[in-house]
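Descriptive structure summary
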Amino acid sequence: MSVAQERATGPAALQRRGRFRPGDAILYVVTCAAALTGVVLLALITHEVLTQAWPAMQKFGLGFLTTQAWGDKGNTLFGAKSFIFGTVVTSLGALLLATPISLAIALFLSELAPRWIRAVVAPLVELLAAIPSVVLGLWGILVLGPFITGTLGPAIHGTLGWVPIFSTKPSVGSNMFAAILILTIMIIPIVSSICRELFVGVPAELKDGALALGATRWEVVRGVVFPYARAGIAAALILGLGRALGEAIAVTQVIGNRVAINTSLFDPGDTLASRIAGQYQGADTALQVASLVYLAVILLVFSLIANLAAQLIVRRVAGRHQV
Amino acid sequence: MSANAPTADLFRSERMRRRRIVNRLVEGAATAAALLAVALLIIVVSSVVRQGWAAINVDFFTKTPAIYTGFGPRPASGISSAIIGTLIIIGIALLMALPVGVLTAIYLNELAPRKLASVLTLAFDVLNGIPAIVLGIFVFIFVVVGHGQAAWKASFALAILMVPMIARSTQEVLALVPSSMREASLALGAAKWRTTLSVVLPQAVGGIVTGATLATARAAGETAPLLFTSALYSDSVSYDPRQPIASIPMFIFTSAEQADPVLHEQAWGAAAVLIGIILIASLIARWFADRSVRRLKGER
């Protein structure tokens, strides 16, 4: 406590005796103004989006969330139900696929790979994150889509057709399954690179202790590495989920843009972000614009919750490790 | 005899064998997963390069997109307007984001009280997680509605995306600058602002370049912020940021939606160009990062 006090009063007392330096004041004000842009932009985005969505919020209320419609009844009825369904299904599906793969990649890079392989593979995995979503979407339409309709889809439907989520045959390449695969590719590099850093940060003496007790490598991972990095893994997964929720371009290219709730993943659907992106060429009425922004409000709420949760977990973990 | 038995048992026991098999299986799965990720990268990049190659020639870089009416030979077509447009949009975005990002990092690292710094950093982290499409909608509402689209408005949306990235990477290098350098400068009587700008900041230039390049590379590939801000462009070359301008991502996005296979080929070509730009930028960034970190660590 005395150290903190010293830090607070020491230089300040010196400065009071010294002359006033306008340069310091200018630097302080200018940099502080820049640093406030984060808060200001967050507030501004929230305010603007809420204001613009207000007409739709007033007209439809929370019923918007449970209405499945887009421009029905002569362009007067809008609702987000099917888009929320599509968003939840595709991003959770992607997370389900990406989690084991990402953890495995992170384990390979942190525990198994020899140095030179790590030096080659780690940047390659990160390069996967550098592929623009519009290019992934293009690949999704022209390569992945036909592959799903022609080979993968019929195979899965043939063997697992009794499972409701594979109950239809993919008739067109654009479907929720394609969106899930594309989102999986997008979040693998994010989750795996965060997890790799977490695993590398596990203290060697803990791992050595377990090894000395005769544990196999996998037992060390299960008994020491995973529990130690648990909170961080959770944060990484939430960040990945946030990314999947908000991806608009690649999803709108492959999902089929249908206002529908289908059990089978081989049917088309739509997500919040994708529906917004699909309307870029212009909305016909003020109500449609307001409804579109209402979708953005829902998306904003989703992503704010996901990001705040992830950041708070990260901060708590970092705080614990410092002590 | 009995003294040696336990050792032999430990290594041959059924349980140990099972533990080893499980271990092997997991190790194999982890290796396979890493191979899968690399394979995915190779599959995507190779299909872009293979199919984009056919479209890439001199005309592709110098001509504007030509509309084919369906009769006669196809006119030579290219994406020059989109390449120039992307450079302009990204350039303006960098001009907006770089000063804000660097000044933010200076404040957070050098000047701010710790509590305030952590709150402001949280704000940037949350801002970083807002979907690009929401940023696009925000800029649309904020400056496009009633005024029309313009390239600088797209730059504004991209800049919001870039600021947190630039601030974060600048902060990371500023933290590496040894405090003895600051103390030495202050002890010589230099003012805080003088110390910050001419002693601390020059040390961090490498990190700033890295952050700026990575942010630019990421922004160059973003489509969502352009949809509502610079999408209604003409196909001719334009240098005026007050008008909507073509861009490579928008070209890929709109071409992919068409049924015309020639447009698909052009979209692949544009994707190859875009990935090329991003890869080069990433390599430059990595090189700068390695160099500056090595230099800062070496001086300690």
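Residues numbered from 1 in each chain as written. Chains lettered and ligands numbered in written order. Predicted model: local features only at pLDDT ≥ 70, side-chain atom pairs only at ≥ 80, totals over all residues.

Within chain B, the regular secondary structure consists of 13 helices and zero strands. Beginning at the N terminus, the succession of helices and strands in chain B can be written as α-α-α-α-α-α-α-α-α-α-α-α-α. On C-alpha atoms alone, chain B measures out to a radius of gyration of 26 Å, which is more than a quarter above the 19 Å that the 2.2 N^0.38 rule sets for 300 residues. Taking the principal axes of its C-alpha atoms as reference, chain B extends roughly 95 × 65 × 35 Å. Looking at the 300 residues of chain B, the share that counts as buried comes to 49%. When contacts within chain B are restricted to residue pairs at least 6 apart in sequence, those whose partners lie at least 24 apart make up 77%. (Helix = DSSP H or I, 4+ residues; strand = E, 2+ residues; numbered from the N terminus. Rg over C-alpha atoms; globule rule 2.2 N^0.38 Å. Buried ≥ 20, exposed ≤ 12 C-beta atoms within 10 Å, placed from the backbone. Contact = placed C-beta atoms within 7 Å.)

Okay, the overall build of chain A next. Within chain A one finds twelve helices and two strands. Its C-alpha atoms give chain A principal-axis dimensions of roughly 75 × 60 × 30 Å. Buried positions account for 47% of the 323 residues belonging to chain A. Intrachain contacts of chain A at a sequence separation of at least 6 include 76% that bridge at least 24 residues.

Now for unusual backbone geometry. Despite not being glycine, N257 of chain A has its phi angle at roughly 50°, a positive value. Tracing the sequence through the fold places N257 of chain A in the loop between α10 (249–254) and α11 (272–278).

Turning to the nonpolar core, a few remarks are in order. With 197 residues, the main nonpolar core has V135, I182 and V293 of chain A together with I137, M162, I252 and A271 of chain B as its most contacted residues. Residue contributions to this core peak at 18 residues, all from helix α7 (residues 176–200) of chain A. Mapping this core onto the domain boundaries places at least three of its residues in each of domain 1 (5–53) and domain 2 (80–299) of chain B. Not counting chain neighbours up to four residues away, the residues in contact with A271 of chain B comprise V135 and L138 of chain A together with V48, G52 and I252 of chain B. (Core = buried A, V, L, I, M, F, W, Y, C linked by C-beta atoms within 7 Å. Domains from an automatic or database assignment.)

Another aspect to go through is the domain arrangement of chain B. Accessible area lost during the coming together of the parts is what is often quoted as the interface size. Residue and element names in this part refer to chain B. By the assigned domains, chain B splits into domain 1 (5–53) and domain 2 (80–299). Averaged C-alpha coordinates put domain 1 and domain 2 at centres separated by 37 Å. Facing the five residues of domain 1 at the interface are six residues of domain 2. Here the residues of the side of domain 1 that touches domain 2 are counted per class, giving three nonpolar, two polar and no charged. (Nonpolar A, V, L, I, M, F, W, Y, C, P; charged D, E, K, R; others polar.)

Moving on, we come to the interface of chain A and chain B. With 69 residues of chain A in contact, the opposing surface of chain B contributes 68 residues. Top contributing element to the side of chain A that touches chain B by residue count: helix α2 (residues 22–60) of chain A, with 19 residues. Here the residues of the side of chain A that touches chain B sort into 50 nonpolar, 14 polar and five charged.

Residue and element names in this part refer to chain B. Where helix α8 (residues 179–187) contacts helix α9 (residues 192–203), the axes come no closer than 10 Å and their chain directions differ by 135°. Overall, the two elements α8 and α9 adopt an arrangement that is oblique. Crossing of α8 over α9 shows right-handed handedness. Listed contacts from α9 to M181, R182, S185 and L186 of α8 are T195, V199 and V200. Looking at the contact of α8 with α9, its residues break down into four nonpolar, two polar and one charged. (Axes fitted to C-alpha atoms, helices over the stretch in contact; angles between N-to-C directions. Parallel < 35°, antiparallel > 145°, perpendicular 65-115°, else oblique. Left-handed = near helix turned anticlockwise from the far one by under 90°.)

This part takes up the packing of helix α5 (residues 115–130) of chain A against helix α2 (residues 14–53) of chain B. Where α5 of chain A contacts α2 of chain B, the two axes come as close as 9 Å, and the packing angle between them is 50°. The angle between α5 of chain A and α2 of chain B falls in the class oblique. For the crossing formed where α5 of chain A meets α2 of chain B, the hand is left-handed. Here V121, L124, V125, L127 and L128 of chain A of α5 of chain A come into contact with α2 of chain B, specifically with A34, A37, V38, L40 and L41 of chain B. Considering only residue class, the contact of α5 of chain A with α2 of chain B consists of ten nonpolar, no polar and no charged.

A separate point is helix α10 (residues 205–221) of chain B. Between its terminal C-alpha atoms α10 of chain B stretches 25 Å, which fits the 24 Å expected from 17 residues at 1.5 Å a residue. Burial analysis of α10 of chain B places 16 of its 17 residues in the buried class, the great majority of the element. (Expected span 1.5 Å × (residues − 1).)

Our focus in this paragraph is the confidence of the model for chain A. All names here are of chain A. On average, chain A scores 87 in pLDDT, and the residues at 70 or more come to 93%. Averaged pLDDT values over the elements of chain A bottom out at 48 in helix α1 (residues 2–17) and peak at 94 in helix α4 (residues 81–112). A low-confidence stretch, residues 1–10 stays under pLDDT 50, and its non-local contacts, those more than four residues away or across chains, total zero contacts. (pLDDT = per-residue confidence, 0-100.)

With that out of the way, let us pick up the environment of A119 of chain A. Residue and element names in this part refer to chain A. Within the fold, A119 resides in helix α5. Take A119: there are 10 C-beta atoms within 10 Å of it, and that puts it in the exposed class. In this structure, the C-alpha to C-alpha distance between A119 and T51, residues 68 residues apart in sequence, is 49 Å.

All names here are of chain A. Looking at the secondary structure, you find G240 in helix α9 (residues 217–246). Taking the C-alpha atoms as reference points, G240 and A310, separated by 70 residues in sequence, lie 9.8 Å from one another. If near-sequence neighbours (up to four positions away) are discounted, G240 is found in contact with L95, A98, I187, I190 and V191.

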